[in-house]
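Given next are the chains, with one letter for each unit.
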Amino acid sequence: MHTRKIIHVDMDCFYAAIEMRDNRELANKPIAVGGDAHRGVIATCNYLARQFGVHSAMPTAQALKLCPDLVLCPGRMEVYREESRYIREIFADYTTLVEPLSLDEAYLDVTDSPNCHNSATWMAQEIRARIYQTRTLTASAGIAPNKSLAKIASDWHKPNGQLVITPYQVDAFIKNVPVRKLFGVGPKMEEKLKNHGIHTCDDLQQHSVSYLINQFGLMGERLYELARGNDTRLVNPDRIRKSISVEETYLVDLPDAQACLQVIPDLLKRLDQRIARAGPINDMHTLFIKLKFKDFQQTTVEQICDKIEPDLIKQLIQEGYLRKTLPVRLVGIGIGLKAKEVSDMQQLSLFEPDD
Ligand code: DCP
Ligand code: MG
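On a predicted model such as this, the values are computed, not experimentally measured, just so you know.

*Asks:* Before we go on, may I ask you to explain the overall build of the protein chain in this structure?
*Replies:* Across its full length, the protein chain holds 14 helices and 12 strands. For the protein chain, the C-alpha radius of gyration of 22 Å lies close to 20 Å, the compact-globule estimate for 355 residues. Taken over 355 residues, the protein chain has a buried fraction of 47%. Of the contacts formed within the protein chain by residues at least 6 apart in sequence, a portion of 63% connects residues at least 24 apart. Accessible surface, the protein chain as shown: approximately 18200 Å² in total, 51% of it carbon and sulfur. Side-chain charges in the protein chain split into 44 positive and 46 negative, and the spacing between the mean points of these groups amounts to 2 Å.

*Asks:* What's the story with helix α6 (residues 147–156) in this structure? I'm lost.
*Replies:* Owing to its 3.6 residues per turn, the α-helix aligns residues three or four sequence positions apart on the same side. Judged by how many residues are buried, α6 sits mostly within the fold: 7 of 10 residues are covered. All of the buried residues along α6 are K147, S148, L149, A150, I152, A153 and S154.

*Asks:* Explain the packing of helix α1 (residues 14–22) against helix α4 (residues 77–92) here, please?
*Replies:* When two helices pack together, their arrangement is given by the angle between their axes and by how far apart the axes lie. Running from amino to carboxyl end, α1 crosses α4 at an angle of 100°, the nearest separation of the two axes being 10 Å. Compared by their axis directions, α1 and α4 come out roughly perpendicular. Contacts between α1 and α4 involve F14, Y15, I18, E19, R21 and D22 on the former and, on the latter, M77, V79, Y80, E83 and S84. A breakdown of the residues in the contact of α1 with α4 according to their chemical character gives 6 nonpolar, 1 polar and 4 charged.

*Asks:* Sorry, what's going on with the pairing of strand β6 (residues 105–109) here?
*Replies:* Consecutive residues of a regular strand have side chains that alternate between opposite faces of the sheet. Taken across its 5 residues, β6 has 5 buried, putting it largely inside the fold. Taking every second residue as pointing to the same face, both faces of β6 are buried, with E105, Y107 and D109 on one and A106 and L108 on the other. With 5 bridges joining them, strand β1 (residues 6–11) and β6 adopt antiparallel strand pairing. Each bridged residue has a counterpart across the sheet, and for I6 the counterpart in β6 is D109. Note that strand β5 (residues 98–102) and β6 share 4 bridges and pair antiparallel. Within β6, the position partnered with E99 by the bridge is Y107.

*Asks:* Before we go on, may I ask you to explain unusual backbone geometry in this structure?
*Replies:* Glycine aside, residues mostly have negative phi, and peptide bonds are mostly found in the trans state. For the bond from K158 to P159, the omega torsion is -5°, close enough to zero to count as cis. With respect to the helices, strands and loops of the structure, P159 is situated in the loop between α6 and β8 (162–164). With a phi close to 30°, C13 is a non-glycine residue in the positive phi region. Examined against the element boundaries, C13 turns out to sit in the loop between β1 and α1. A positive phi angle is found at N118, which is not glycine, with a value near 65°. Looking at the secondary structure, you find N118 in the loop between β6 and α5 (120–135).

*Asks:* How should I be thinking about the coordination of the magnesium ion (ligand 2) in this particular structure?
*Replies:* Geometrically, a metal with four donors at the corners of a regular tetrahedron has ideal angles of 109.5 degrees, and one with six donors at the corners of a regular octahedron has ideal angles of 90 or 180 degrees. Listed as protein donors to the magnesium ion (ligand 2) are D10 (OD), M11 (O) and D104 (OD); their distances from the metal cover 2.0 to 2.2 Å. Viewed at the metal, the 6 donor atoms of the magnesium ion (ligand 2) are separated by angles of 83 to 175°, and the geometry they form is octahedral.

*Asks:* I keep staring at the pattern of salt bridges and nothing clicks. Help me out?
*Replies:* Opposite charge on two side chains permits pairing when their charged atoms draw close. On inspection of all chains with the given rule, the structure shows 20 salt bridges. For K158, the salt bridge goes to D12, with nearest N and O atoms at 2.7 Å. Here K158 is found in the loop between α6 and β8, whereas its partner D12 is found in the loop between β1 and α1, with 146 residues between them in sequence. Members of the salt-bridge network, linked through shared partners, are E19, R21, D22, R76, E83 and R135.

The rules behind these values
- Residues numbered from 1 in each chain as written.
- Chains lettered and ligands numbered in written order.
- Predicted model: local features only at pLDDT ≥ 70, side-chain atom pairs only at ≥ 80, totals over all residues.
- Heavy atoms only, no water.
- Helix = DSSP H or I, 4+ residues; strand = E, 2+ residues; numbered from the N terminus.
- Rg over C-alpha atoms; globule rule 2.2 N^0.38 Å.
- Buried < 20%, exposed > 50% of the residue type's maximum accessible area, 1.4 Å probe, protein only.
- Contact = heavy atoms within 4.5 Å.
- Areas by Shrake-Rupley, 256 points an atom, 1.4 Å probe, with all protein chains shown as cover.
- Lys, Arg positive; Asp, Glu negative; His and termini not counted.
- Charge placed at Lys NZ, Arg CZ, Asp CG, Glu CD.
- Axes fitted to C-alpha atoms, helices over the stretch in contact; angles between N-to-C directions.
- Parallel < 35°, antiparallel > 145°, perpendicular 65-115°, else oblique.
- Nonpolar A, V, L, I, M, F, W, Y, C, P; charged D, E, K, R; others polar.
- Pairing = 2+ DSSP bridges.
- Donors = N, O, S within 2.8 Å, 3.2 Å for Na, K, Ca; no water.
- Tetrahedral: all angles 85-135°; square planar, octahedral: opposite > 155°, others 65-115°.
- Salt bridge = Lys/Arg side-chain N within 4 Å of Asp/Glu carboxyl O.

This is the structure in C-alpha cells:
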C-alpha cells in the first residue's frame, strides 16, 4: 500500500480549557470538570491539577484529597459540543476524510490534500493555529504514515505541540514507545505484558508472532504489527457505532423493580455524557435496557425510538424485571444506532466499560 499522510488532532484538556477560556479567574488555578464530591467523577482537569495526580475518570472525592484547592466546574456539554463543531469545520477545509473519535479528537487523512503544498506538517501547524486564533483553545497533533503512529505522536509534545514521524523515522521511533501507548493496550494488558518482561515496542519486537498469539490471543497479532509501526486501518469518515450504552453493577443487589427505577436518572446522566463525547448522533433508532439478575442470567429489552425517553426506559425496565422477578446485580441502558458497516478494529462492544 502506498504511503499515507495521517494527522491526529487532539485538543488539550478540552473541557477544562474551555472553562478556563470562558472564566479567566480559573486560568491559574487547578480546575476539573466533573461531578460533585458525593458520587461524581472527574471528566477532565487542567494541567495544573494533573501535577497533583488528578486525572480523568477519578472519583471527585479522591481528586479533592489529592488537591484540596481543586476548583470543580459542573460541565457544559452544549458548549463543548459547539466547540467541537467549530474545530470540525476547520478540519473540513483540509479533507473530507475526517474520522472523529470523540468531541475533541479526530484523524484526518490528508494524503491527497492540495493545501499547504501538500505538506501534512504544515497543515497540522495551520490547523492548530486556526483553532487558537478562532477559538482561543490549543490543540496538539501527530503527523505520521498511519493512525496508530499519528495518535501516539499527538501525545508526545502535548500540550500545544506536534510531532512528525516520517516513514524513514518509524523504525527508530517505535522502538522506544512504551507498550501502554499502543491501541488496545490498557492497564490490564500493560500488566500482563510486564509480567512477560515486555515494556516497550523494542521488547515486543523480540518475540515471534506465534509466541505473541500464544500468549495474548488475537491481540498478540495486533501487538506484533503495532510494535513495528504497522497499521493498515483506514481513516473512516463513516465510523459509526452500533450502540452507545452505560451500565453499572451494584455492590448490593437491587431488590425489586422500584429500586431499579431509582438508578435510572444516574445512568441517564452518564449515557448523556457518553453520547456527547461520541459527537453528533443523528441515527439513533432504538432504546434498550439490560438487566442481570442475582443468578447471573441477563435479559435485554429493546424498542424502536429515535430519542431518549426516560418514561420508556422505565417501562422497559419493568418489562425486563418481570421476566425473572429476582434481585438485580446490574442495570444498563443504551441507544441502538442504525446499522452501518463497522470495520474490525473499530468494532466496539455493546457495553463498554467506562474509560
Ligand atoms: N472525557 C470524559 N471522561 C473521560 C475522558 C475524557 O468526559 N474519562 C472528556 C473530557 C475531555 C474530553 O473528553 O476534555 C477529551 O478527552 P481527552 O482524553 O482528549 O482529554 P483532554 O482533552 O481533557 O486532555 P489531553 O490534553 O490529555 O488530551
Ligand atoms: Mg484531548
